[in-house]
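The primary structure of each chain is shown beneath.
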Amino acid sequence: QHNPHTKHGRTAIVHLFEWRWADIAAECERFLAPNGYAGVQISPPNEHITLTSPWYPWWQRYQPTGYNLCSRSGNENELRDMITRCNNVGVNIYVDVVINHMCGAGGGEGTHSSCGGWFSASRKDFPSIPFTNMDFNDHKCRTGSGNIENYGDPNQVRDCRLVGLLDLALEKDYVRGKVAGFMNKLVDMGVAGFRVDACKHMWPGDLQNTLGRLHNLNTKWFSGGSRPFIYQEVIDLGGEPITSREYFHLGRVTEFKYGAKLGTIFRKWNGEKLSYTKSWGEGYGFMPEGNALVFIDNHDNQRGHGAGGAAIATFWDPRIHKMAVAYMLAHPYGVARVMSSFRWDRNFVNGKDQNDWIGPPSHGNGATKPVPINPDQTCGDGWVCEHRWRQIKNMATFRNVVNGQPHANWWDNQSNQVAFGRGNRGFIVFNNDDWNLDVTLNTGMPGGTYCDVVSGNKDGGRCSGKQIQVGGDGRAHFKISNQDEDPFVAIHADSKL
Ligand code: ARE
Ligand code: CA
């Protein structure tokens, strides 16, 4: 189902990657609701393997060992409290669910799991659900290694092990029932939908049956008959037989071309220019806009996993990252997701980060640290909190203010200076050239003085950033130095002084 069921005209989702439930609950109340974020994507809430070699990697949460709701982010009570408190301030929760597989085949046997439950990867025995060796696909897989060896063969992509992860037989009624039961528990607790992991590796028919079993959303917070929002992780950059299109009828799909392309454009690689983005969206070969979930980076490709490579614009390149995120939030295409990360010590050897596995800030024993908030509203202890950066936070508001308005009043200099508006509700100008921008443009906005929400905030009647004068004819003069900290300017109806 394609509708995110957002509330109060809010639009953007933020992925609070690896945050604890207690911190997300507080963040909903103190920051996300007041600043107009629509929802949170949370890390997988179910029981998962715990690994010590490497040391509690972030990716252990993509190796389920059961469907009990205790994880590195907290226990079931904390999860329920978070869902309730976020819903009560109108912030939706979207759960990352890992239903294609359980843990790695080499995951051993014992109680090394986040709830302490016993499991055996070697015997394919997960008694807390229970799944036994009959519930896996090994008999169907035809590759020598039992792993996916060739993405050109849809059968092995669906029926063999993704990087050695025990592949569930989602064709079985029993398995479908257990997976749907797990998801329904979350629906009944009040979540608004799901990011479904590794959908390329599940047959659309199996997914359709399983998702068809989901309950309607909890009527304490959602109107009767609301179906869960679904966005499916399918990496489709072209060139493989499995395409995003096979999944459109089930819900939205992650559009991986979006961030890979926009990163390349803002980096000015391969002769790309910002002026070429006049037709950004479907005109650029992306999926139909009602199907797309868009983002600049995600938890995989910000550290070299997944797809997109070095072009992806992450917090490590803040100037480019802020511009790319602002472009996404200003543009009408797709449901937008903002990444919120933790820092780690990168160590590149021959272009590959040896530390791409490092988990969230922790006390050393695998217990995740809380997110402390500094006096200046940034986060401490290694939490990056991109969603709190002024430029990004204010663009999340911009997206709400211009929601439903058409892309309008495009301008470009045939290079890397562009501008566009959204009806008469907002206007944004970028200078990604190596020289100054100095131009008068038709903004389509009512006359008046506006506060640029990139260089500052509008606070009461005052503006801490640049002021932009829009004449009675809708025209305004913009000057953006290529040396500016953030070489872009954005104004909207609510930033009028
Ligand atoms: C870890 C170890 C492995 C080990 C395995 C089992 O790194 O060496 O074999 O455990 O013991 C994440 C990490 C993985 C990690 C896994 C489990 O990224 O490194 O494996 O968790 O702990 C493909 C899939 C796509 C997937 C990406 C990463 O199609 O679905 O690979 N993305 C999701 C999540 C990941 C997660 C998983 C799936 C697994 O977002 O965080 O993995 O739950 C082309 C193809 C893509 C392919 C891509 C990379 O672009 O088109 O389809 O993506 O290459 O292979
Ligand atoms: Ca599979």
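What counts as what
Residues numbered from 1 in each chain as written. Chains lettered and ligands numbered in written order. Predicted model: local features only at pLDDT ≥ 70, side-chain atom pairs only at ≥ 80, totals over all residues. Heavy atoms only, no water. Helix = DSSP H or I, 4+ residues; strand = E, 2+ residues; numbered from the N terminus. Contact = heavy atoms within 4.5 Å. 1 Å grid on protein atoms, 1.4 Å probe; cavity = no way out; pocket = protein on both sides within 12 Å on 5 of 7 lines; lining within 4 Å. Points joined across faces, edges and corners; volume = space filled by probe spheres on them. Nonpolar A, V, L, I, M, F, W, Y, C, P; charged D, E, K, R; others polar. Pairing = 2+ DSSP bridges. Axes fitted to C-alpha atoms, helices over the stretch in contact; angles between N-to-C directions. Buried < 20%, exposed > 50% of the residue type's maximum accessible area, 1.4 Å probe, protein only. Near = heavy atom within 4 Å. Polar contact = N/O pair within 3.5 Å; in protein donor to acceptor, adjacent residues only side chain to side chain. Areas by Shrake-Rupley, 256 points an atom, 1.4 Å probe, with all protein chains shown as cover. Donors = N, O, S within 2.8 Å, 3.2 Å for Na, K, Ca; no water. Salt bridge = Lys/Arg side-chain N within 4 Å of Asp/Glu carboxyl O. pLDDT = per-residue confidence, 0-100.

**Q** How should the environment of Asn150 be read in this particular structure?
**A** Structurally, the position occupied by Asn150 is in the loop between β6 (119–120) and α3 (154–159). Spatially, the C-alpha atom of Asn150 lies 21 Å from that of Asp206, the residues being 56 residues apart in sequence. Ignoring any residue separated from it by four or fewer positions in sequence, one finds Asn150 in contact with Gln156 and Val157.

**Q** It is not clear to me how the layout of surface pockets should be interpreted in this structure. Could you clarify?
**A** A probe as big as a water molecule, rolled over the atoms, marks out the empty space that is left. In this model, the largest pocket occupies a volume close to 600 Å³. Forming the boundary of the largest pocket are 24 residues, of which Leu162, Val163, Asp300, His305 and Gly306 lie nearest the centre. Looking at the lining of the largest pocket residue by residue, the classes come out as 11 nonpolar, seven polar and six charged. Volume-wise, the second largest pocket comes out at about 350 Å³. Taken together, 18 residues make up the lining of the second largest pocket; nearest its centre are Gln302, Arg303, Gly304, Ala310 and Phe348. A per-class count over the lining of the second largest pocket returns five nonpolar, six polar and seven charged.

**Q** Teacher, can you tell me more about the sheet that holds strand β24 (residues 488–492) here?
**A** In a beta sheet, neighbouring strands are held together by backbone hydrogen bonds and run either parallel or antiparallel to one another. One open sheet accounts for four strands, arranged β15-β16-β17-β24; its pairing is antiparallel. The sheet is open, and its two edges are formed by β15 (407–412) and β24, each paired on a single side. Pairwise comparison of adjacent strand axes, ignoring direction, gives a mean angle of 10° for this sheet. Pairing analysis gives six bridges linking strand β16 (residues 417–422) to strand β17 (residues 426–431), with the strands arranged antiparallel. Residue pairing in the sheet places Val418 in a bridge with Phe430 of β17. Sitting on the sheet, helix α8 (residues 390–401) is in contact with β16, β17 and β24, with an inclination near 40° to β24.

**Q** Quick question: what am I supposed to make of the pairing of strand β22 (residues 467–470) here?
**A** Here is the key point about a regular strand: its side chains alternate between the two faces of the sheet. Where burial is concerned, the two faces of β22 differ: the one with Ile468 and Val470 is buried and the one with Gln467 and Gln469 is not. Alignment of strand β19 (residues 448–451) against β22, held across four bridges, turns out to be antiparallel. Bridge pairing in β22 places Cys451 opposite Gln467.

**Q** Is there a simple way to think about the site of ligand 1 in this case?
**A** Surrounding ligand 1, one finds 23 residues, the nearest of these being Trp59, Lys200, His201, Glu240 and Asp300. Between an oxygen atom of ligand 1 and a main-chain N or O atom of Val163, the distance comes to 2.7 Å. With respect to ligand 1, the side chain of Glu240 contributes an N or O atom lying 2.5 Å from an oxygen atom. Expressed as a share of its isolated accessible area of 940 Å², the protein-covered part of ligand 1 is 76%. A breakdown of the residues in the shell around ligand 1 according to their chemical character gives 10 nonpolar, seven polar and six charged.

**Q** What's the story with the coordination of the calcium ion (ligand 2) in this structure? I'm lost.
**A** Tetrahedral coordination by four donors sets the ideal angle at the metal to 109.5 degrees; octahedral coordination by six donors sets it to 90 or 180 degrees. Asn100 (OD1), Arg158 (O), Asp167 (OD), Asp167 (OD) and His201 (O) make up the full set of protein donors to the calcium ion (ligand 2), lying at 2.4 to 2.5 Å. Asn100 sits in the buried class, given a relative accessible area of 3%.

**Q** In this structure, what is going on with the pattern of salt bridges? I would like to understand it.
**A** Pairing is possible between side chains that carry opposite charge, provided their charged atoms lie close to one another. The tally for this structure, following the rule as stated, stands at 28 salt bridges. Across the pair Arg20 and Asp23 runs a salt bridge whose closest N-O atoms are separated by 2.8 Å. Exposure remark for Asp23: the relative accessible area of 9% places this residue in the buried category. One network of salt bridges, in which partners are shared, links Asp96, Arg195, Asp197 and Glu233.

**Q** Just to check I follow, could you spell out the confidence of the model for the protein for this structure?
**A** Caution applies to low-pLDDT parts of the model: their predicted coordinates are not meant to be read in detail. Per-residue pLDDT for the protein averages 98, and the proportion of residues at 70 or more is 100%. Of all secondary-structure elements in the protein, the lowest mean pLDDT belongs to strand β14 (residues 352–353), at 94, while strand β3 (residues 92–97) reaches the highest, 99. Under the prediction, the complex receives an ipTM of 0.99, its pTM being 0.98.

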